[in-house]
Amino acid sequence: MTTPLVEMDGDEMTRILWKMIKDELILPFVDLKTEYFDLGLPHRDETNDQVTIDSAEATKKYGVAVKCATITPNAQRMDEYKLHQMWKSPNGTIRSILDGTVFRAPITIPSIKPVVKNWEQPITIARHAYGDVYKGVEIQTNEPGVAKLVFEGESGKKEEVVIHDFKSAGVIQGMHNTDASIRSFAHSCFKFAIDTKQDLWFSTKDTISKKYDARFRSIFEELYEQEYKIQFEQLGIEYFYTLIDDAIARVIRSKGGFIWACKNYDGDVMSDMLSTAFGSLAMMTSVLVSPEGNYEFEAAHGTVTRHYYKYLKGEETSTNPMATIFAWSGALRKRGELDNLTALVNYADQLEAACLDTLNEGIVTKDLVNLMEGVTPKAVTSAGFISAIRERLEKRMMS
């Protein structure tokens, strides 16, 4: 390697897997160079979450990052970790700084059939990575009163609408987005569709959200007509907009093989639904692509807390590391492409192939055993699974 990756370490069981993956599958094969940031919850608390901001800024500097799963604390975690405050989602912070779009797609193998029987190809979720509820502000009120939405323009213009006249206690939330970020989202989706030659679907609920969601729709339609329509027609691919409830019905009836663009929260929920329907949350790739061409590869799932507690008791776990391995392989491949390192790109390809070889031979973690058809699966521990991958990777690298 010539340029470092930005390495963002994480929490709980995925942090344990992170080290195992590096020790067994990367360091023996790659002269690894990283700019390391510890995004584990204790260190985020120690640095007042500055480490998260620093990691995002480093990603802007170096262009490629790989991130482990991290905890977004709730009240229980506040007590468990003795935190100074309930820190926001590290993913939300990083995505706000980098902007762009998160593309998530399932890792598929022949022996695991999608729950939706007519799905023949993977479906890619394009999730807007800025704003909405993830940058929302909230008030909990314990008395009657009037909640208002107020905008004071730099010109002196003031707009004010009543949200609700509370007769008793309640909660209020305000969220936002920006035209610039929505445009970046749209550009990323159109370009990804062109690069991968796939249809692009986009869905919101503009019949209900007549200004907020409608702004997303109008920006997408404007950019499509002005900049992308001719390229789409030349490639024989389609862009269309529909309401999200109709989109869900269409997705279920489809054969797959397209990109489904969603607003931030919709993409969060729908990517979990799709990954589970295709097999497992641990079998999902995820990459954030910023408008400036920066990339952050991550696992799409959480920190696997239940397995971590077992690990702390000294018990063996069978945690699926596939999404985390593919985050590393994706980041290393992109680093190799940007730096013209053919050998690094080849290594990333061989690592993914070794993972698929292992699964196709029926060597799996426990979460996949009941999903497999046509093979007799053998459940192994996390360490056993990674060891099996290494064995196959060594063969591939020597051939």
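Residues numbered from 1 in each chain as written. Predicted model: local features only at pLDDT ≥ 70, side-chain atom pairs only at ≥ 80, totals over all residues. Heavy atoms only, no water.

Novice: Tell me what's going on with the packing of aromatic side chains, and back it up with residues and numbers.
Specialist: This structure, assessed with the given rule, holds 22 aromatic pairs. Note on F103 and F192: the rings are 4.0 Å apart at their centroids and 15° apart in plane angle, and the pair reads as stacked. Taken as a pair, F103 in strand β4 (residues 101–106) and F192 in helix α6 (residues 179–196) lie far apart in primary sequence, 89 residues in all. Under the relative-accessibility criterion, F103 is labelled buried at 4%. When its relative accessible area of 24% is taken as the criterion, F192 is described as partly exposed. Three or more aromatic residues link up through ring pairs in this structure, and these residues are F185, F190, F202, F220, Y224, Y228, F232, Y239 and Y241. It is K263 that lies over the ring of F216; its NZ or CZ is 5.6 Å from the centre. (Phe/Tyr/Trp six-rings, centres within 6.5 Å; stacked < 30°, edge-to-face > 60°. Helix = DSSP H or I, 4+ residues; strand = E, 2+ residues; numbered from the N terminus. Buried < 20%, exposed > 50% of the residue type's maximum accessible area, 1.4 Å probe, protein only. Lys NZ or Arg CZ within 6 Å of the ring centre and 35° of its normal.)

Novice: Describe in detail the layout of surface pockets, supporting the description with residues and values.
Specialist: Of the pockets and cavities examined, the largest pocket occupies roughly 1,200 Å³. Breaking the lining of the largest pocket down by element, the ones donating at least two residues are β6 (137–141), β7 (145–152), β8 (158–166), β9 (170–174), α6, α7 (212–235) and α9 (264–278). It is β7 that provides the largest number of residues to the lining of the largest pocket, a total of five residues. Roughly 790 Å³ of internal volume is contained in the second largest pocket. Around the second largest pocket sit 32 residues that line it, and F103, F192, V287, V289 and F297 are the ones nearest its centre. (1 Å grid on protein atoms, 1.4 Å probe; cavity = no way out; pocket = protein on both sides within 12 Å on 5 of 7 lines; lining within 4 Å. Points joined across faces, edges and corners; volume = space filled by probe spheres on them.)

Novice: I'd like a description of the sheet that holds strand β2 (residues 34–38), backed by residues and values.
Specialist: An order of β2-β1-β3-β14-β13-β4-β5-β12-β10-β11 is seen for the 10 strands of this open sheet, with the pairing classed as mixed. The outermost strands of the open sheet, each flanked by one partner alone, are β2 and β11 (239–243). In this sheet, adjacent strand axes meet at a mean angle of 20° when their direction is disregarded. Sheet topology places strand β5 (residues 124–128) next to strand β12 (residues 258–262); four bridges connect them, and they run parallel. The partner of T124 across the bridge, within β12, is I259. Taken strand by strand, helix α3 (residues 50–62) contacts β1 (5–9), β2, β3 (64–67) and β14 (295–299), and its axis lies near 160° from that of β1. Across the face of the sheet, helix α8 (residues 244–253) comes into contact with β10 (199–204), β11 and β12 while running at roughly 115° to β11. (Pairing = 2+ DSSP bridges. Axes fitted to C-alpha atoms, helices over the stretch in contact; angles between N-to-C directions. Contact = heavy atoms within 4.5 Å.)

Novice: Give a description of the nonpolar core that names residues and reports values.
Specialist: One finds F190, L200, F232, Y239, W328 and L332 to be the most contacted residues of the largest nonpolar core, which totals 66 residues. Ignoring anything within four residues of it in the chain, the contact list for F190 reads L200, F220, L223, Y224, Y228, F232 and Y239. (Core = buried A, V, L, I, M, F, W, Y, C linked by side-chain atoms within 4.5 Å.)

Novice: How would you sum up the packing of helix α11 (residues 322–338) against helix α12 (residues 342–360)? Please name residues and give values.
Specialist: Two elements in contact, α11 and α12, have axes whose closest approach is 7 Å; the angle formed by their N-to-C orientations is 160°. As summarised for this structure, α11 and α12 are arranged roughly antiparallel, according to the angle between their axes. Regarding α11 and α12, the two cross each other, and that crossing is left-handed. In this structure, α11 contributes M322, I325, F326, S329, G330, L332, R333, R335, G336 and E337 to the contact, and α12 contributes L344, V345, Y347, A348, D349, L351, E352, C355, L356 and L359. Residue composition of the contact of α11 with α12, by class: 12 nonpolar, three polar and five charged. (Parallel < 35°, antiparallel > 145°, perpendicular 65-115°, else oblique. Left-handed = near helix turned anticlockwise from the far one by under 90°. Nonpolar A, V, L, I, M, F, W, Y, C, P; charged D, E, K, R; others polar.)

Novice: Residue-level account of the pairing of β1, with values.
Specialist: Of all five residues that make up β1, five are buried, and the element is covered over most of its length. Note: β1 against β2, five bridges, orientation parallel. Of the residues in β2, the one forming a bridge with E7 is Y36. Between the parallel pair β1 and β2, the chain is carried across by helix α1 (residues 12–26), and the sense of this crossover is right-handed. Pairing geometry for β1 and β3, over three bridges, is parallel. Bridge pairing in β3 places M8 opposite K67. (Right-handed = clockwise from strand over helix to strand, strands pointing away.)

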